[in-house]
Amino acid sequence: MGNPPEVIENCNHINLADFNIQSRYAFVPKGMSPIFVNCNLIPSLATRHFDDEYYKDAIYENFAEKVMANAQIFEPTIQNVNDTNTNDGVKNNKMRKENADLMFDAESIKNAKVFAQVDCKYIVTILPGKAISKNAKLNYLVLFDQHAVHERIRLEKNLSDYFDGLAWKCVDIDTISFKLPKDDSTLLHNHKDKLSTFGLQWRIEDNNISVNAIPEAILGKNPRQADVVLNATKCLLSELIDALKNLKGNIPLYPQSIMNLVFSEACRYAIMFGDKLSKSECVNLINSLAECNTPFQCAHGRPVMAVIMEVSEEKPRYMVNESKLLEFRNKCKYIKN
């Protein structure tokens, strides 16, 4: 057996600058790159000796170079982004404002010319818009996502049924009961009138809350299962209690626990990709979309349409070169003879 490693009793002479941490590419697995570089420690501190050339050259650098080479070849490019370097992600990239050139509004959708459905997914239209750089109104070929369009329509229709602008409509249910901490029970008791605008009705006895009415949005137009309703009610109460504690009573009119269910309902029962639509159904969808308050986004914030190209109003003219036509006809006669 070899000699045991030397034990250093006094480490005050070690300079922390001797330890430089080696940076590692994100795609390199841990353990495949050297941890320290430029270690200038005294030889007595080295208890093991590694084949530096093997670990550094054969494994790390060669592997990194090959991956980086492939990454540069297949690096994706993103339209309208100043910096296409994706090594640090695209979250820091900024869109070029000058490329946001087209402008559409609800009036554009009202004046849309609907052609038909294509591929059981999209509605083909000609949509009038404004090109800011040209300061001119032009027509564009636009495809509308039929699912996103119907989702937006359903969302705003359902919201108008559930919420009148001041209070959420409530619906009576079989009483559900559960226990709350004393502080939470006190908060709910003191703000009962204020919280009634969210469609909740309850009574509290010995820190046990018994809920006998909930927002209609939680139950839904197609009544949800009991466990979903119970969990959503608890989430709503918890959200309202947190708002009372942390926001000094400034409770948002659209609680996230309710809106998540409203979004989900609008999506689940909307027209899907693959559903066939007649031209009249396509026209009705676009007309209904034009009446929405936010017609360009679905319930989850995705765009409902894609602009394909500008449609020129100038009709192409075809000129016949009579001399070329006669020459071609004479050649045909010659070949035939």
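This text goes with the structure placed above it.
Turning our attention to the pattern of salt bridges. The final tally for this structure, using the stated rule, is 5 salt bridges. For Asp119, the salt bridge identified is with Lys121, shortest N-O distance 3.6 Å. When its relative accessible area of 54% is taken as the criterion, Asp119 is described as exposed. Of the residues examined, Lys121 reaches a relative accessible area of 30% and is grouped as partly exposed. We note a salt bridge from Lys245 to Asp184, for which the minimum N-O separation is 2.9 Å. Taken together, the positions of Lys245 in helix α7 (residues 226-246) and Asp184 in helix α4 (residues 182-190) put the pair 61 residues apart, joining distant regions of the chain. For Asp184, a relative accessible area of 12% gives the class buried.

Our next topic: the pairing of strand β5 (residues 122-131). Of all 10 residues in β5, 7 are buried; the element is thus mostly enclosed. Bridging between strand β3 (residues 102-103) and β5 involves 2 bridges; their strand directions are antiparallel. Its bridge partner being in β5, Leu102 is matched across the sheet by Ala131. Where strand β4 (residues 113-118) meets β5, 5 bridges bridge the pair, whose relative direction is antiparallel. Along β5, the bridge assignment pairs Gln117 with Ile123. Between β5 and strand β6 (residues 136-145), which follow one another and run antiparallel, lie 4 residues, and Asn135 among them has a positive phi close to 50 degrees.

Turning our eyes to something else, we now look at the state of the cysteines. Tallied over the entire structure, the rule returns 0 disulfides. Unpaired in terms of disulfides, Cys267 finds its nearest cysteine sulfur in Cys298, a separation of 7.6 Å. Looking at Cys282, it has no disulfide partner, and the nearest cysteine sulfur is the one in Cys120, 9.9 Å off. Judged by its relative accessible area of 0%, Cys282 is buried.

Cut-off values and rules
Residues numbered from 1 in each chain as written. Predicted model: local features only at pLDDT ≥ 70, side-chain atom pairs only at ≥ 80, totals over all residues. Heavy atoms only, no water. Salt bridge = Lys/Arg side-chain N within 4 Å of Asp/Glu carboxyl O. Buried < 20%, exposed > 50% of the residue type's maximum accessible area, 1.4 Å probe, protein only. Helix = DSSP H or I, 4+ residues; strand = E, 2+ residues; numbered from the N terminus. Pairing = 2+ DSSP bridges. Disulfide = S-S within 2.5 Å.

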